[in-house]
Amino acid sequence: MALNLRQKQTECIIRMLNLNQTVINPVGGGVGTANEEVYKILIYDRFCQDILSPLIHVKDLRKHGVTLYFLVDKDRKPVHDVPAVYFVQPTQLNIQRIVSDTSRALYDSFHLNFSSSIPRPLLEDLASGAVNSDSIQRISKVHDQYLEFVTLEDNLFSLANKNCYVQLNDPSSGDKEIEEIIEKIVSGLFCVLATLAVVPIIRCPRGGPSEMVASLLDQRLRDHLLAKNNLFTEGGNFTSSFQRPILCIFDRNFELSVAIQHEFRYKPLVHDVLGMRLNRLNVKGEKGGMKSYELDHSDPFWMANGSLEFPEVAVEIEMQLNKYKKDVEEVNRRTGGNAGPEFNGSDLIGNTKFLMSAVNSLPELTERKQVIDKHTNIATALLGEIKERSLDSYAKMESEMMIRGGIDKNELLSMLRGKGDKMDKLRFAIMYLISTESLSPSEVEMVEVALRESEVDTSAFQYVKKIKSLNIALASANSANRSNIVDWAEKLYGQSISAVTAGVKNLLSSAHQVALTRTVDALMEGKPNPEIDSYLVFDPRAPKSTSGSNSSHLKGPFKEAIIFMIGGGNYVEHGSLQDLAHSQQPVKHVIYGTTEILTGGEFVEQLAVLGKKMGLGSSDIAPAIK
């Protein structure tokens, strides 16, 4: 059975809402309920609210007996004779709030669920606080849920670790800060694997954050597997290596361009331009007010057409609308009603048999019309932005730049002085910098002048320029002076140097296919390949002495993969990986995860922060943040 992260996490949350009782699933799957319905209150913090939001709707909460739900940091009044389910991160502040709530006897009993494993000192603080306030009897149970990640689709998740790229690449970050970030990432990945109940084979490039995460995760899994009743016992039937998934860990510096470029496919476009967050979107309606939409697995149009180019989506919307009108006309014709395109219940007269058929089709037709209206509104909002900012031209030009390895000077200046907001122009300039292998100082100066004319902060541009010049110096240096450059670079760039040097090939690549997809394909195939032969291998189930070796049974082929990007991911890579998985025979299954999902603009803002920390760019101009 394919790994379905959304389903697995939803099952864990439903079990938690039912006071951690075994939940009975209805025949054919779906959302189940516990044997005995208990009315309860749900208390969560903001991070856990984001975990719940894409998975559980209000109607689902009611189905599982949750009558009220509150944020843990809000003032709440006592509700007697009702149990409370807490779902919070294990932090000092949350422990203090829980102790305060139990001492005030806000609820009849407290079922405490932590999003990840609660550290021993905090557990002791909870126990001593409850004992001192004489409220220990109110705490029914304490559970570590291992759910500290946000699942957006069956095969897409985020750890919601903000500004991770800045923290890992900041020259002023000390060893302690880097270790804390790596520890947080490993904790999140451990939660994902525990929820899926799989112990994967781990692969990663040498050096940089990806090796640090892979090594620590390998050790964490080894230590946990020593316990008799571990979280992976139920997944213990994955004995031979080809049945286990591969976990590939990468760092954002592996390929910068895909995180910056303008994209013209529907899903990345909606995320980038309209600011979709946690599968929700706010768009201006026809009458001026804001409309809120959910874009998730319950929307068949979104799931079927998210990977299409925008013009194809517009054609698909029109086809669906015409099909809907025909179906309505058919119902009206067969029931003796008028032949108008709008479906009207009062027109349903005539033959009783056809009347029953029409009544049965009414909910399905209404639902189809709602979906069509939703995507018509979204497409209209997108079209407005595309025309105003020439986003189609940006996407086309950037794609051509990556293929051709450059662009005509006049075309470049025309784009930088034409339509588009400040961030569009900055992203385009950085893409030009990345895609063009050899640039003269005068060409770079020309771009900077054009950006300054539009009052664009050039900090991010200057930062990428520095990284690129360092890459070129490293690529061309002979072995004698290479070490000097590395020494200089490590002083200048701090933690980023090992990752930057590893990403030389992809930073300067003119290949059209996303580099991540090409590499994942090779890793899943498991055949000898010079691009990946140097990648490290970790098998947490194997004896320590053999891990990291070149054992052939650890190298695939693999049917299932979990791909994790440190420092920010995006819908472009996710879509590219799904295209790869579905193009294989038989179809493979790929889950994509990242520290946080970023739009191109959000990632460039992080580059700008790094540029400013290094004293680069035009600090007198405010950042072009939309």
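Predicted model only: the values in this text are computed from it and were never measured. (Residues numbered from 1 in each chain as written. Predicted model: local features only at pLDDT ≥ 70, side-chain atom pairs only at ≥ 80, totals over all residues. Heavy atoms only, no water.)

## Examining unusual backbone geometry
We apply this condition: Strands here are runs of E lasting at least two residues and helices are runs of H or I lasting at least four, both read from the DSSP assignment and numbered beginning at the N terminus.
For the peptide bond that leads from Q585 to P586, omega is -5°, which places it in the cis range. With respect to the helices and strands, the residue P586 is situated in the loop between α23 (571–583) and β14 (589–594). You will see that N163, though not glycine, has its phi angle at about 55°, which is positive. Among the structural elements, N163 can be located in the loop between β7 (156–158) and α6 (164–169).

## What to know about the sheet that holds strand β2 (residues 66–71)
The test is simple: When DSSP finds two or more bridges between two strands, those strands count as paired. For helices, the axis comes from a line fit to the C-alpha atoms of the stretch in contact; other axes are also lines fit to C-alpha atoms, and the angle between any two N-to-C directions lies between 0 and 180 degrees. Contacts are assigned to residue pairs with any non-hydrogen atoms lying within 4.5 Å of each other.
Spatially, five strands are ordered β2-β1-β3-β4-β5 in an open sheet, and the strand pairing comes out parallel. Only two strands of the sheet have a single partner each, and these edge strands are β2 and β5 (139–144). The sheet shows a mean angle of 15° between the axes of neighbouring strands, taken without regard to direction. Against the sheet, helix α1 (residues 5–17) touches β1 (40–44), β2, β3 (83–88) and β4 (109–114), its axis set at about 145° to β3. Seen against the sheet, helix α4 (residues 92–103) touches β3, β4 and β5 and runs at an angle of roughly 170° to β4.

## So, the pattern of salt bridges
When the charged atoms of two side chains with opposite charge come close together, those side chains can pair. Going by this rule: The term salt bridge refers to a pairing of a side-chain nitrogen on Lys or Arg with a carboxyl oxygen on Asp or Glu at a separation within 4 Å.
Following the criterion strictly, the structure yields 32 salt bridges and no others. The residue D539 makes a salt bridge to R244 at a minimum N-O spacing of 2.6 Å. With D539 in the loop between β12 (536–538) and β13 (560–566) and R244 in the loop between α8 (208–225) and β9 (246–251), this residue pair connects regions lying 295 residues apart in the sequence. One salt-bridge network, held together by shared partners, links K323, D327, E364 and R368.

## Focus: the side chain of S435
Operational definition: For the purposes of these results, a polar contact is taken to be a pair of N or O atoms within 3.5 Å, where, inside protein, one atom must be able to donate a hydrogen and its partner to accept one; residues adjacent in sequence count only when each atom of the pair is a side-chain atom.
With respect to the helices, strands and loops of the structure, S435 is situated in helix α16 (residues 422–435). From its side chain, S435 meets the backbone oxygen of Y432 in a polar contact 3.4 Å long. In contact with S435, other than residues within four places in its own chain, are M401, M402, G405 and G406.

## Describing the confidence of the model for the protein
Detailed conclusions should not be drawn from predicted coordinates in areas where pLDDT is low. Definition in use: Each residue carries a pLDDT score, the predictor's own confidence in it, on a scale running from 0 to 100.
The predicted model of the protein averages 85 in pLDDT, with 82% of residues at 70 or higher. Here helix α21 (residues 504–507) is the element of the protein with the lowest mean pLDDT, 41, and β7 is the one with the highest, 98. Low pLDDT, under 50, characterises residues 235–242; the stretch is placed with 13 contacts to residues that sit more than four places away or in other chains. Below pLDDT 50 for its whole length, residues 484–512 participates in 65 contacts with residues either more than four positions away or in separate chains.

## Some thoughts on the packing of helix α15 (residues 409–416) against α16
Here is the rule we go by: To sort the angles, those under 35 degrees are grouped as roughly parallel, those over 145 as roughly antiparallel, those from 65 to 115 as roughly perpendicular, and the leftovers as oblique. By the convention adopted, Pro, Cys, Tyr, Trp, Phe, Met, Ile, Leu, Val and Ala count as nonpolar, Lys, Arg, Asp and Glu as charged, and the other residues, Gly among them, as polar.
In the contact formed by α15 and α16, the axes pass within 9 Å of each other and the chain directions differ by 155°. By the angle between their directions, the pair α15 and α16 is classed as roughly antiparallel. Only K425, F428, A429 and Y432 of α16 make contact with α15, whose side of the interface consists of L412, M415 and L416. Within the contact of α15 with α16, the residues separate by chemical class into six nonpolar, no polar and one charged.

## Looking at the sheet that holds β12
If you trace the seven strands from one edge of the open sheet to the other, you get β6-β7-β14-β13-β9-β8-β12, paired in mixed fashion. Since the sheet does not close on itself, it has two edges, and those belong to β6 (150–153) and β12, each with one partner. Taking the axes of each pair of neighbouring strands and ignoring which way they run, one obtains an average angle of 20° across the sheet. In terms of strand pairing, β9 meets β13 through six bridges, oriented parallel. Bridging from a neighbouring strand, L247 pairs with I562 of β13. Contacts from α23 reach β6, β7, β13 and β14 within the one sheet, and its direction differs from that of β14 by about 170°.

## Some points on the packing of aromatic side chains
Condition: The rule is short: rings of Phe, Tyr and Trp, with Trp giving its six-membered ring, pair when the centres are within 6.5 Å, and they are stacked under 30 degrees, edge-to-face over 60, tilted in between. Here's how the labels work: a residue is buried when its accessible area is under 20% of the maximum for its type, exposed when over 50%, partly exposed in between, all with a 1.4 Å probe on protein chains only.
Tallying each qualifying case throughout the model produces 13 aromatic pairs. Taken together, a centroid distance of 4.9 Å and an interplanar angle of 50° make the contact between F250 and F254 tilted. Owing to a relative accessible area of 10%, F254 belongs among the buried residues under this scheme. Linked through ring pairs, Y86, Y107 and F110 together constitute an aromatic cluster.

## With respect to the environment of D251
Tracing the sequence through the fold places D251 in strand β9. In this structure D251 comes out as buried when scored by relative accessible area, which is 7%. Here the alpha-carbon distance between D251 and L168, two residues 83 residues apart in the chain, equals 9.9 Å.

## Describing the environment of I118
Tracing the sequence through the fold places I118 in the loop between β4 and α5 (120–132). Classification of I118 by relative accessible area gives buried; the value is 9%. Separated by 28 residues in the primary sequence, I118 and Y146 have C-alpha atoms spaced 9.8 Å apart. Ignoring any residue separated from it by four or fewer positions in sequence, one finds I118 in contact with P90, I95, L123 and D144.

## A few points about the pairing of β13
For β13, a buried count of seven out of seven residues is recorded, marking the element as mostly surrounded by other parts of the structure. Going residue by residue along β13, you find E560, I562, F564 and I566 tucked away on one face and A561, I563 and M565 tucked away on the opposite face as well. As defined by bridge partners, β13 adjoins β14 across six bridges and the pair is classed as parallel. Each bridged residue has a counterpart across the sheet, and for F564 the counterpart in β14 is G593.

## Looking at helix α17 (residues 441–453)
Residues spaced three or four apart along an α-helix point in a common direction, a consequence of the helix completing one turn every 3.6 residues. We count it as follows: One fewer than the residue count of a helix, multiplied by 1.5 Å, yields its expected span.
Over its 13 residues, α17 extends 18 Å from the first C-alpha to the last, a length consistent with the 18 Å expected when each residue adds 1.5 Å. All buried positions along α17 are accounted for by V444, M446, V447, E448, A450 and L451. Count one or two residues on from α17 and you reach E455, which has phi positive near 60°.

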